[in-house]
Amino acid sequence: MKLSIISPTYNESENVSPLIAALEQALRGIDYEIVISDDDSPDLTWARVEQIGRRNGRVRTLRRTSNRGLGPSVVDGFSLARGEAVACIDADLQHDPSILPKMLEELERGADLVVGTRYMPVGGTTNCNAMRRFISWTATRLTKLLLGVRMFGPSKLSTKIAFAFAQQLWSLSLHNSVWHGGNLSPRKHKSDTTAAMRYALSRWGALIRYAEDGWLEIDNNAAERALRAVALGGKNYLFAGSDSGGERAAAIYSLIGTAKLNGRDPEAYLREVLTRIADHPISRISKLLPWNIISAVTEVST
């Protein structure tokens, strides 16, 4: 595959269809894919992209439920990309997709990085207020400092690149910090702090895996939150009445948990299923699974 286009989104459900259509128009004749990296948008942007992806094999979605933010979203999208080159474009339709083929040509000519800019002769910043121009100038300076390249007018892209670069650099440089095992004072080898540091260093490869793979979480907080309901309700589960009652309860708990994982409100989901199930053919029961019912979706309260 020649090109992967990454688009970080949050509440862009109305924009993703026009964006994908514009990219299809601009990239005719090019082997490409589109990855929408969505921060679990309340307006269900990710669900809209999943619908499009069922009809269009070039479109994929990454639903991110933790470590949200513009920079991490782009990094995770890059990690998922399968193309020889990757491009980043906002979903708010302010970036022109028609220049992507020209940017790809520059990469094929030997460029390491191509950045779309408003500061070229055909561009301009007249539609940007003073604050936005200041942010653009600051991002340009930051990118020059971190990447050591000459750049004019980064738009939003260089801000994302600079953030991702700094984040990865910070994570991977920890191993070379003053806390390396060789610098531990011999007089403090038996202290609690030294013991904790040696424990971490002995598992260093596993600890920094998250910095090498955007799919991995930095902690297991999400898993622990998911198990909280099980721990708090443990005593209630002793009163199922019988083995078959326990099995039925487990099925209901599984449906509720799956509904939450897919952004569905469990009560609304179960109400919708009970409304449909009497007239629903058993051969199509999969259509009633949480990720296939869109009309019953409401935002899960947290």
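Definitions and cut-offs
Residues numbered from 1 in each chain as written. Predicted model: local features only at pLDDT ≥ 70, side-chain atom pairs only at ≥ 80, totals over all residues. Heavy atoms only, no water. Helix = DSSP H or I, 4+ residues; strand = E, 2+ residues; numbered from the N terminus. Buried < 20%, exposed > 50% of the residue type's maximum accessible area, 1.4 Å probe, protein only. Salt bridge = Lys/Arg side-chain N within 4 Å of Asp/Glu carboxyl O. Axes fitted to C-alpha atoms, helices over the stretch in contact; angles between N-to-C directions. Parallel < 35°, antiparallel > 145°, perpendicular 65-115°, else oblique. Contact = heavy atoms within 4.5 Å. Nonpolar A, V, L, I, M, F, W, Y, C, P; charged D, E, K, R; others polar. Pairing = 2+ DSSP bridges. Right-handed = clockwise from strand over helix to strand, strands pointing away.

Looking at the overall build of the protein chain
- Of regular secondary structure, the protein chain possesses 11 helices and four strands.
- For the protein chain, with 302 residues in total, the buried portion stands at 32%.

A look at the pattern of salt bridges
- Going through the model one piece at a time under the given rule, you end up with 13 salt bridges.
- Measuring nitrogen to oxygen at the nearest pair gives 3.0 Å for the salt bridge that ties Glu106 to Arg109.
- Overall, the relative accessible area of 34% leaves Glu106 in the partly exposed class.
- A salt bridge links Arg276 to Glu272, with the nearest nitrogen and oxygen atoms 2.8 Å apart. Highlighted residues: Arg276 and Glu272, both in helix H11 (residues 266–276), separated by four residues, approximately one helical turn.

Some details on the packing of helix H1 (residues 16–26) against helix H2 (residues 45–55)
- Contact pair H1 / H2: the axes reach a minimum separation of 10 Å and the direction vectors enclose 40 degrees. With respect to H2, the axis of H1 lies oblique. The segment H1 lies against H2, with Val16, Ser17 and Ile20 engaging Thr45, Arg48, Val49 and Ile52.
- Looking at the contact of H1 with H2 residue by residue, the classes come out as four nonpolar, two polar and one charged.

Overview of the pairing of strand S2 (residues 32–38)
- Among the seven residues in S2, seven count as buried, and that is most of the element.
- Going residue by residue along S2, you find Tyr32, Ile34, Ile36 and Asp38 tucked away on one face and Glu33, Val35 and Ser37 tucked away on the opposite face as well.
- Taken together, the seven bridges between strand S1 (residues 3–9) and S2 define a ladder with parallel strand orientation. Its bridge partner being in S2, Ser4 is matched across the sheet by Glu33.
- Alignment of S2 against strand S3 (residues 59–63), held across five bridges, turns out to be parallel. Paired with Ile36 across the bridge in S3 is Thr61.
- What joins S2 to S3 is H2, and the crossover it makes is right-handed.

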